[in-house]
Amino acid sequence: MAESIDIRELNARIEQESSFVVNLTTGMNQVIVGQKHLIDSLLISFISNGHVLLEGVPGLAKTLAIKTLSQLVDAKYSRIQFTPDILPADVIGTMIYSQKDENFHVKKGPVFANFVLADEINRAPAKVQSALLEAMQERQVTIGDSTFALPHPFLVLATQNPIEQEGTYQLPEAQMDRFMLKVVIDYPTMEEEKLIMRENLSGSLPEVRPVTTADEIIRIRALVNEVYLDEKIEQYIADIVFATRYPERYQLADLKSLITYGGSPRASINLAKAARAYAFLRRRGYVVPEDVRAVAHDVLRHRIGLSYEAEANNVSNEEIVSQIINKVEVP
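Now for the overall build of the protein chain. Assigned secondary structure in the protein chain consists of 14 helices and 13 strands. At 21 Å, the protein chain has a C-alpha radius of gyration in line with the 20 Å of a compact globule built from 331 residues. Along the first, second and third principal axes, the C-alpha atoms of the protein chain reach 70 × 50 × 45 Å. Counting only residues that meet the buried cut, the protein chain has 47% of its 331 residues in that class. Summarising the internal contacts of the protein chain: among those between residues at least 6 apart in sequence, 78% fall at separations of at least 24. Entry remark: accessible area of the protein chain is about 16500 Å², with carbon and sulfur atoms responsible for 51%.

In structure tokens, the structure reads:
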């Protein structure tokens, strides 16, 4: 009974804080036409302290969505355009020699911001990816002999174009695993396309002003962490992730030959975090199985390795995740 009272009280607090979500969503919708899934995914990563990778063909407002979200928050934003000739120093910074005092000084790079847009991240070579990896995982950067903590909050919002192969590098599995979500963006509908065309031709894109602060985000994240996750939901999340590793245990023996490796423990952690954030966006103080199912594709699609057999049969990660969430017993 005490537990139900706590959840009721938590629901009331989340309902009170719903203006935070409304303000951000309204601000995004002023600039971005449609793309509800994209906006939801950005907000989930935002309030769960997780990095997000957006994949889609050029022109689908990936960069615009990230830029708009950063403008809605009174915090430091930087954009890094990745190219094949970029160096780690261009991202994290370097040591500069000063003739005036005959000493080396640290010049911090663009990664020292609250929100870092890593545009076309798959164009960066291995050395740059490894430098970014430390920033994403440890929330710190090493320049010379010194280690510097990154600002709080710190979020990498990356984009990549799936159709270009020229001058691109496949992201290493270790780095892909650091992204909480990988969101695949599709084309807008016919009506949305006409509205996009109309707004751009009229030149009337609205000016976006900050509606929240970095401190407010940190406070909201603490509230999201309080969203109730029942033991049955924990078991459900663990079952889904284990089914990516041992599909034969879940009557999915057909998938065994299609998967080379399944989700790591980060998959379970991020699935739980994303489900909590999704429940918060729906103004609920507890997670239900539908929340887990809603975020499962974005959390798992980049964490499952496909075998040659899967690729030969044109089986995608999407299909494997769909089969798993349709088969694993819902609590």
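So that's the structure; there's more coming.
With that settled, consider the packing of helix H3 (residues 36–48) against helix H9 (residues 214–224). Where H3 contacts H9, the two axes come as close as 8 Å, and the packing angle between them is 90°. As far as their axial angle goes, H9 and H3 are roughly perpendicular. Residues Ser 45, Phe 46, Ile 47 and Ser 48 of H3 touch H9, and the partners they reach there are Ile 217, Ile 220, Arg 221 and Val 224. Taken together, the residues that form the contact of H3 with H9 break down as 5 nonpolar, 2 polar and 1 charged.

Attention shifts here to a nonpolar patch on the surface. Together, Met 95, Tyr 97, Phe 104 and Val 106 make up an exposed nonpolar region whose accessible area comes to about 360 Å². Elements with a contribution of two residues or more to the nonpolar patch: strand E4 (93–98) and strand E5 (103–108).

The next subject is the environment of Gln 170. Its place among the elements puts Gln 170 in the loop between strand E9 (155–160) and helix H7 (173–176). Separated by 65 residues in the primary sequence, Gln 170 and His 105 have C-alpha atoms spaced 34 Å apart.

Counted under the stated rule, the structure contains 17 salt bridges. Taking the shortest distance from any N to any O, the salt bridge between Glu 15 and Arg 283 comes out at 3.9 Å. Separated by 268 residues along the polypeptide, Glu 15 in helix H1 (residues 2–16) and Arg 283 in the loop between helix H11 (265–281) and helix H12 (289–300) bring together distant segments of the chain. By relative accessible area, which is 41% here, Glu 15 ends up partly exposed. With a relative accessible area of 34%, Arg 283 lands in the partly exposed category. Beyond isolated ion pairs, a larger network of salt bridges with shared partners links Glu 9, Arg 13 and Glu 226.

Across the protein chain, pLDDT averages 86, with 97% of residues at or above 70. Looking across the protein chain, the model is least confident in H1, with a mean pLDDT of 73, and most confident in H12, with 94.

The next thing to look at is the pairing of strand E10 (residues 179–184). Counting buried positions over the 6 residues of E10 gives 5, a clear majority of the element. In this structure, strand E1 (residues 51–55) lies alongside E10, joined through 5 bridges in parallel fashion. Following the sheet pairing, Leu 53 is matched in E10 by Lys 182.

Moving on, we come to the pairing of E9. For E9, the tally of buried residues reaches 6 of 6 residues, placing the bulk of the element in the interior. Here E9 shows two buried faces, one formed by Leu 155, Leu 157 and Thr 159 and the other by Val 156, Ala 158 and Gln 160. Pairing of E1 with E9 involves 4 bridges; the strand directions are parallel. Bridge pairing links Leu 54 to Thr 159 in E9. Sheet topology places strand E6 (residues 115–119) next to E9; 4 bridges connect them, and they run parallel. The residue of E9 that forms the bridge with Phe 115 is Leu 155.

Before going further, it helps to examine the nonpolar core. Ranked by internal contacts, the top residues of the largest apolar core, which has 74 residues, are Leu 42, Ile 240, Leu 271 and Val 292. At 10 residues, H11 tops the list of elements feeding residues into this core. Apart from residues no more than four positions distant in its own chain, Val 292 is found in contact with Ile 233, Tyr 236, Ile 237, Ile 240, Leu 271, Ala 275 and Val 287. Counting residues in hydrophobic clusters, the runner-up holds 27 residues, among them Ile 80, Ile 86, Val 116 and Leu 132.

On to the sheet that holds E6, then. Sheets are built from strands that pair by backbone hydrogen bonding, the pairs being arranged parallel or antiparallel. The strand order across the open sheet built from 5 strands is E3-E6-E9-E1-E10, with neighbouring strands paired in parallel fashion. The open sheet has two edge strands, strand E3 (77–81) and E10, and neither has a second partner. The average undirected angle you get between the axes of adjacent strands in this sheet is 15°.

A separate point is the packing of aromatic side chains. Throughout the structure, instances matching the rule amount to 3 aromatic pairs. Between Phe 242 and Tyr 246 the ring centres are 5.8 Å apart and the planes differ by 45°, which places this aromatic pair in the tilted class. It is Arg 282 that lies over the ring of Tyr 278; its NZ or CZ is 4.3 Å from the centre.

Reading the values: rules and limits
- Residues numbered from 1 in each chain as written.
- Predicted model: local features only at pLDDT ≥ 70, side-chain atom pairs only at ≥ 80, totals over all residues.
- Heavy atoms only, no water.
- Helix = DSSP H or I, 4+ residues; strand = E, 2+ residues; numbered from the N terminus.
- Rg over C-alpha atoms; globule rule 2.2 N^0.38 Å.
- Buried < 20%, exposed > 50% of the residue type's maximum accessible area, 1.4 Å probe, protein only.
- Contact = heavy atoms within 4.5 Å.
- Areas by Shrake-Rupley, 256 points an atom, 1.4 Å probe, with all protein chains shown as cover.
- Axes fitted to C-alpha atoms, helices over the stretch in contact; angles between N-to-C directions.
- Parallel < 35°, antiparallel > 145°, perpendicular 65-115°, else oblique.
- Nonpolar A, V, L, I, M, F, W, Y, C, P; charged D, E, K, R; others polar.
- Patch = residues over 30% accessible without salt bridge, like charges linked within 9 Å, V, L, I, M, F, W, Y side chains within 5 Å.
- Salt bridge = Lys/Arg side-chain N within 4 Å of Asp/Glu carboxyl O.
- pLDDT = per-residue confidence, 0-100.
- Pairing = 2+ DSSP bridges.
- Core = buried A, V, L, I, M, F, W, Y, C linked by side-chain atoms within 4.5 Å.
- Phe/Tyr/Trp six-rings, centres within 6.5 Å; stacked < 30°, edge-to-face > 60°.
- Lys NZ or Arg CZ within 6 Å of the ring centre and 35° of its normal.

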